[in-house]
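Next come the chains, spelled out residue by residue.
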Amino acid sequence: MKFRNPEHALRWAYETTNRPIVKISSVNAMRGPDREGETGADGELTAYDRHAQAVLILGLCERVLSALHLAYVTVQYGREASGFDLLARHLAANFGTGMHSRRGIELIIRTYCGQKSGLREIRKTLSCGMLKAASLRNRGYDALDMIHNQAMDILQREMEARDMLDSAAHSPAMGEMS
């Protein structure tokens, strides 16, 4: 399977690994003589093949990304809490001395990753004024943007080298000709 970009591949990989391979409703169909949908003879990947490819993508991330970048990927795309500790420590270091509210830093990370929360909630959690909360949120977003861009650059190179990306999808010249 080819992907448009590393973000598309990561979303697909985490979504695929979180889905069961065999649906309960299809268990009854497996008892019967007609099992044509399992072979993938029409060139389409089977559920097992999709899971295997998803695990290969996640394994590639583990091999080529640093611990910080991998923590970012697991939080942003995998929605896993395992990367929060490292990301929170990194942001706390970026904020400098005097900023020690772990819950506030985690809220900034969660908001960056799509959780619905406003600046007032961040301000309340950080126990500071609106300007300070906005400044810290923006600095946190800038640091997370940098981690995101670095991780996607690394994965872009690795996935292109392994021919996992659709060259027509990210080539502007090819898109204009179509």
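Residues numbered from 1 in each chain as written. Predicted model: local features only at pLDDT ≥ 70, side-chain atom pairs only at ≥ 80, totals over all residues. Heavy atoms only, no water.

**Structural notes on the pattern of salt bridges**
- As enumerated under the stated definition, the model contains eight salt bridges in all.
- The partner of aspartate 163 in a salt bridge is lysine 2, and the shortest N-O contact between them spans 2.9 Å. Here aspartate 163 is found in the loop between helix 8 (130-161) and helix 9 (167-170), whereas its partner lysine 2 is found in the segment before helix 1 (6-17), with 161 residues between them in sequence.
- Here arginine 19 and glutamate 15 are joined by a salt bridge, their closest N and O atoms 2.8 Å apart.
- Overall, arginine 19 belongs to the partly exposed group, its relative accessible area being 38%. (Salt bridge = Lys/Arg side-chain N within 4 Å of Asp/Glu carboxyl O. Helix = DSSP H or I, 4+ residues; strand = E, 2+ residues; numbered from the N terminus. Buried < 20%, exposed > 50% of the residue type's maximum accessible area, 1.4 Å probe, protein only.)

**Regarding the confidence of the model for the protein chain**
- Confidence in the prediction for the protein chain averages 83 pLDDT; 80% of positions are at 70 or higher.
- Put simply, helix 10 (residues 172-177) is where the protein chain has its lowest mean pLDDT, 43, and helix 4 (residues 67-76) is where it has its highest, 96.
- Per-residue pLDDT stays below 50 along residues 33-42; that stretch engages in seven contacts with residues further than four places along the chain or on separate chains.
- Taken together, the stretch residues 170-178 has pLDDT below 50 and engages in six contacts with residues farther than four places along the chain or on a different chain. (pLDDT = per-residue confidence, 0-100. Contact = heavy atoms within 4.5 Å.)

**Notes on helix 3 (residues 47-64)**
- Compared with an ideal rise of 1.5 Å per residue, which puts 18 residues at 26 Å, helix 3 spans 26 Å between its outermost C-alpha atoms and is within 8% of the ideal.
- When we look at burial in helix 3, the residues that qualify are Ala47, His51, Gln53, Ala54, Ile57, Leu58, Gly59, Leu60 and Cys61.
- Looking at the buried side of helix 3, the elements it contacts are helix 1, helix 4 and helix 8. (Expected span 1.5 Å × (residues − 1).)

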